[in-house]
Amino acid sequence: MTQRSKIRSERARRFRRRARSVLQEQGLNRASLGTVLSDLKGLAAERELWSVADFPDPALDERQARYLIEVDDDSTFALYLNVMRPGKVIPPHDHTTWACIAAVEGEELNALYRRLDAGDVPGRAQIALAEEVVVGPGGGVALMPDDIHAVTVGGEQVIRHLHMYGMALETLTGRQVFDPLDGTCRPMDIGVATRRVG
């Protein structure tokens, strides 16, 4: 294990311990997630910990590489590094768990949606764009379990962003992807296979 990987592991563990403590003490709400996001931004600011030397870019014919950094034994408090090429588009979706995203380098556009219907008709969903947030270095976004967002990576630069989830993505079975034009929703798969470090 290199000195950089030791430092990264120590910083990631400290961040995850603090996130767990904040959510246990304050409960899950937008204010507590704001605190977790602020801490994640601090971790993302240590750019040397998330370099291409340790986390290679996706292959030229791929758009995304997702690296699992750390996760609890019960699959909670899962920290990932997402490395995505320009042109990557993730359609509107939910997570069914809370999430925080902070940029290490590069920018992604997050389109945040609100759901207009009650969600009581399987396969149907009416959503409307509520806000767009550009997530770049020093910035981020926090999402509650039922929040819906879409992601677009533009520009010329490969991006590196940290993603923290209440539950590991590999365990989530109820996620939905939404089509705002035809008013439908369907189960969402995990997308690319997660790569593990260490």
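In this report, the structure presented in the accompanying data block is examined. Quick caveat: nothing in here was measured; it's all calculated off a predicted structure.

## Things to note about the pairing of strand S8 (residues 148-152)
Consecutive residues of a regular strand have side chains that alternate between opposite faces of the sheet. Burial runs high along S8: four of the five residues are buried. Relative to S8, strand S3 (residues 89-93) is paired through three bridges, and the arrangement is antiparallel. Paired with Val 89 across the strands is Thr 152, a residue of S8. Where strand S5 (residues 108-115) lies against S8, five bridges are found, and the strand directions are antiparallel. Opposite Leu 112, over in S8, you have His 149 as the bridge partner.

## Observations concerning the pattern of salt bridges
A pair can form between side chains of opposite charge whenever their charged atoms are brought close. Enumeration over the complete set of coordinates arrives at 16 salt bridges. The structure contains a network of salt bridges with shared partners spanning Arg 13, Arg 16, Arg 20, Glu 70 and Asp 72.

## Some points on the sheet that holds strand S4 (residues 99-105)
Spatially, six strands are ordered S7-S4-S9-S2-S1-S12 in an open sheet, and the strand pairing comes out mixed. Here the strands that pair on one side only, and so sit at the sheet edges, are strand S7 (140-143) and strand S12 (194-196). The sheet shows a mean angle of 25° between the axes of neighbouring strands, direction not considered. Summarising the sheet, strand S1 (residues 64-70) and strand S2 (residues 76-84) pair through six bridges and their orientation is antiparallel. Bridge pairing in S2 links Glu 70 to Leu 79. Strands in contact with helix H2 (residues 30-44) are S2, S4, S7 and strand S9 (159-167); relative to S4, the strand with the most contacts, it is inclined by about 25°.

## Describing the side chain of Asp 94
Assignment of secondary structure puts Asp 94 in the loop between S3 and S4. One buried charged residue, Asp 94, forms no salt bridge at all, with the nearest opposite charge on Arg 175 at 5.3 Å. One polar contact links the side chain of Asp 94 to the main-chain amide nitrogen of Gln 176, over a distance of 2.7 Å. Residues within four places of Asp 94 in sequence aside, it is in contact with Pro 145, Asp 147, Ile 148, Gly 174, Arg 175, Gln 176 and Phe 178.

## With respect to the nonpolar core
Leu 40, Trp 50, Leu 79, Leu 81 and Leu 162 are the most contacted members of the largest nonpolar core, which has 29 residues in total. Of all the secondary structure elements, the ones that give two or more residues to this core are helix H1 (3-26), H2, S1, S2, S4 and S9. The greatest single-element share of this core, amounting to six residues, is contributed by H2. Leaving out residues up to four positions away in the same chain, Trp 50 has contacts with Arg 8, Leu 43, Ala 44, Phe 55, Ile 69, Leu 81, Val 104, Arg 160 and Leu 162. The next biggest cluster of nonpolar side chains, apart from the first, holds 15 residues, and it includes Leu 68, Ala 103, Val 141 and Leu 169.

The rules behind the values
Residues numbered from 1 in each chain as written. Predicted model: local features only at pLDDT ≥ 70, side-chain atom pairs only at ≥ 80, totals over all residues. Heavy atoms only, no water. Buried < 20%, exposed > 50% of the residue type's maximum accessible area, 1.4 Å probe, protein only. Helix = DSSP H or I, 4+ residues; strand = E, 2+ residues; numbered from the N terminus. Pairing = 2+ DSSP bridges. Salt bridge = Lys/Arg side-chain N within 4 Å of Asp/Glu carboxyl O. Axes fitted to C-alpha atoms, helices over the stretch in contact; angles between N-to-C directions. Contact = heavy atoms within 4.5 Å. Lys, Arg positive; Asp, Glu negative; His and termini not counted. Polar contact = N/O pair within 3.5 Å; in protein donor to acceptor, adjacent residues only side chain to side chain. Core = buried A, V, L, I, M, F, W, Y, C linked by side-chain atoms within 4.5 Å.

Shape is all these values report; function is a separate question.
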